[in-house]
Amino acid sequence: MVDTPQPRRWPAHAMAVLFLGYAAGKAAFALQSRLGFPGGPPVPAEEAERYFLDPATAQWCAAATGVLGAGLALATVTALGRRLPRAPMLLALTGMLLAVGGGAGIMILDGFVGIGIGWRWYHGILGIVVIGLLLAMTRSYATATRRRAAG
């Protein structure tokens, strides 16, 4: 990759928008007590009944993680966020990359290969974009804070 002199802020802003969209979609399904996501594959009623949480509770928790993810994404590009200790932030970003990247990986596999969940090819493209944005956001944060830690 080309090392840029200025860290890029747009990947973090794009991720914040995606996380807030995720949170809004999950909140919409929470209000309907449904599992799944708007635009995603439908969750059969028998699977929803077997789920370990009440669908509304599960969706509200997922919506909260979306808001938390948006906050973490914005923390990578704000002055206040950049003052947070670097090691815990990188650990949190790595955890986000693993968790969100895992979900995106499922979307990619099912969208292009078809593993039976029902994601379509365009969900697979979204998964690739999300992983790329997460990597760019994490790299930008690491680059920006490396300069501060070294200087």
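Before reading further, recall that the structure is shown in the block above.
None of the values given here were measured: they were computed from a predicted structure.

Caption draft 1: A look at the packing of aromatic side chains. The tally for this structure, following the rule as stated, stands at three aromatic pairs. Aromatic side chains tyrosine 51 and phenylalanine 52 sit 4.9 Å apart centroid to centroid with 40 degrees between the ring planes, which places their arrangement in the tilted category. Ring centres of tryptophan 121 and tyrosine 122 lie 5.5 Å apart, and the angle between their planes is 85 degrees; on these two criteria the pair is classed as edge-to-face. For tyrosine 122, a relative accessible area of 42% translates into the label partly exposed. One Lys or Arg, arginine 34, reaches over the ring of phenylalanine 29 and ends 4.1 Å from the middle of that ring.

Caption draft 2: Just the environment of methionine 89, in detail. Here methionine 89 lies in helix 5 (residues 86-112). Along the sequence, methionine 89 and leucine 134 sit 45 residues apart, while their C-alpha atoms lie 14 Å from each other. Not counting chain neighbours up to four residues away, the residues in contact with methionine 89 comprise Leu72, Ala75, Thr76, Leu84 and Tyr141.

Caption draft 3: Summary view of the nonpolar core. Ranked by internal contacts, the top residues of the largest apolar core, which has 17 residues, are Met15, Leu93, Met96, Leu134 and Met137. If you list the elements that add at least two residues to this core, you get helix 1 (10-31), helix 3 (55-75), helix 5 and helix 6 (121-150). For this core, the element with the highest residue contribution is helix 6, accounting for five residues. When neighbours within four sequence positions are excluded, leucine 93 is seen to be in contact with Leu72, Thr76, Met137, Thr138 and Tyr141.

Caption draft 4: Representation of helix 5 within the structure. Over its 27 residues, helix 5 extends 37 Å from the first C-alpha to the last, a length consistent with the 39 Å expected when each residue adds 1.5 Å. For helix 5, the complete set of buried residues consists of Met89, Leu93, Met96, Gly101, Ala104, Met107, Asp110 and Gly111. Glycine 114, located one to two residues past helix 5, shows a positive phi value of around 85 degrees.

Caption draft 5: The arrangement of unusual backbone geometry in detail. For serine 33, which is not a glycine, the phi torsion comes out positive at approximately 55 degrees. Tracing the sequence through the fold places serine 33 in the loop between helix 1 and helix 2 (45-50). Overall, the relative accessible area of 41% leaves serine 33 in the partly exposed class.

Rules used in this analysis
Residues numbered from 1 in each chain as written. Predicted model: local features only at pLDDT ≥ 70, side-chain atom pairs only at ≥ 80, totals over all residues. Heavy atoms only, no water. Phe/Tyr/Trp six-rings, centres within 6.5 Å; stacked < 30°, edge-to-face > 60°. Buried < 20%, exposed > 50% of the residue type's maximum accessible area, 1.4 Å probe, protein only. Lys NZ or Arg CZ within 6 Å of the ring centre and 35° of its normal. Helix = DSSP H or I, 4+ residues; strand = E, 2+ residues; numbered from the N terminus. Contact = heavy atoms within 4.5 Å. Core = buried A, V, L, I, M, F, W, Y, C linked by side-chain atoms within 4.5 Å. Expected span 1.5 Å × (residues − 1).

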